[in-house]
Each structure stands twice: as C-alpha cells, then as structure tokens.
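Residue-level structure breakdown
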Amino acid sequence: MSTTARPGAVVRLVPRTGAVIVEPVTYTVREVAKLLGISLGSTYALVRDGTIPATRLGGRWLIPRARFHAWLDGVTEPPAATGTDGRRR
C-alpha cells in the first residue's frame, strides 16, 4: 500500500472560457421575497392580489423576471412629509 497522498478532485470556481451562464427566466415567490426583503406570506399576498406580476402554472406561482424588474422600476415611493403643508406638528 502506498503512503503517497493522491490529489483530491479539482473544483473550478471560475467558469471555463466560453461557458454560457444562463439567467433564470422566472423567479419563485420565495426568491422574490428574498429580493424584496419581505416575508414569504406578504409576498404571496402581493402576488395573489396582482400587485406583483405573476402567472399561476399548475400549482405554482411563477414571476417572470423581466416583468418583475419592470414593475419594480416603476414602483414609486409616496412623497416624504416635509412639513410644508402649513400644519403644525
């Protein structure tokens, strides 16, 4: 029996030259919840009421990546209260 250690398997951390990295076409509700930083239950509620664009396929909700990012880019925050409305605070 040899006492020489055999090298282990080579692990590639960088894709090979010419490798194609495929981006997902859809997100799951769980992935969108993580992206938005909100709970899974809140994300499901937003999907069900149509706030977040999604498609039901069988028993699963799928959120098309392009539509989700277009929706997210179009979401505007309400103007912050500046105290210039003449009322005392």
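The model shown is predicted, which means the values in this text are computed figures rather than measured ones. (Residues numbered from 1 in each chain as written. Predicted model: local features only at pLDDT ≥ 70, side-chain atom pairs only at ≥ 80, totals over all residues. Heavy atoms only, no water.)

1. Focus on the sheet that holds strand β3 (residues 60-64)
This is how the line gets drawn: Two strands qualify as a pair provided DSSP detects at least 2 bridges between them. Strands are runs of DSSP state E lasting at least 2 residues, helices are runs of H or I lasting at least 4, and numbering of each runs from the N terminus. What makes two residues a contact is simply this: any of their non-hydrogen atoms within 4.5 Å. To get an axis, a line is fitted to the C-alpha atoms, and for a helix only the part in contact is used. The angle between two axes follows their N-to-C directions and goes from 0 to 180 degrees.
Read from one edge to the other, the open sheet built from three strands follows the order β1-β3-β2, with strand pairing classed as antiparallel. The sheet terminates laterally at β1 (26-27) and β2 (55-57), the two strands that pair on one side only. The pairing of β2 with β3 spans three bridges and is classified as antiparallel. Paired with Leu 57 across the bridge in β3 is Arg 60. Across the face of the sheet, helix α3 (residues 65-74) comes into contact with β1, β2 and β3 while running at roughly 65° to β3.

2. Things to note about the confidence of the model for the protein
Cut-off, in case you're wondering: The quantity called pLDDT is the predictor's confidence in a given residue, expressed from 0 to 100.
Taken over all residues, the pLDDT of the protein has a mean of 82, while the share at 70 or more is 69%. The weakest mean pLDDT in the protein belongs to α3 at 93; the strongest belongs to helix α2 (residues 40-48) at 97.

3. Structural notes on the packing of aromatic side chains
Selection criterion: Ring pairs shown here join Phe, Tyr and Trp side chains whose ring centres sit within 6.5 Å, with only the six-membered ring taken for Trp; geometry is labelled stacked below 30 degrees between planes, edge-to-face above 60, and tilted in between. The buried label goes to any residue with under 20% of its type's maximum accessible area, the exposed label to any with over 50%, and the partly exposed label to all in between, with areas taken from a 1.4 Å probe on protein chains only.
Applying the stated rule across the entire model yields two aromatic pairs. Seen in terms of ring centroids, Tyr 27 and Phe 68 are 5.7 Å apart; in terms of plane orientation they differ by 85°. Their pairing is edge-to-face. Taken together, the residues span a long stretch of sequence, with Tyr 27 in strand β1 and Phe 68 in helix α3 at a distance of 41 residues. In this structure Tyr 27 comes out as buried when scored by relative accessible area, which is 9%. Judged by relative accessible area, Phe 68 falls into the buried class, the value being 0%. Aromatic ring contacts, followed pair by pair, group Tyr 27, Phe 68 and Trp 71 into a single cluster.

4. So, the environment of Ile 63
When you line up the elements, Ile 63 lands in strand β3. Residue Ile 63 is classed as buried on the basis of its relative accessible area of 0%. Sequence separation of Ile 63 and Val 25 is 38 residues, and the distance between their C-alpha atoms is 8.7 Å. Contact partners of Ile 63, with chain neighbours within four places excluded, come to Val 25, Thr 26, Tyr 27, Thr 28, Val 29, Val 32, Val 47, Ile 52, Pro 53, Ala 54 and Phe 68.

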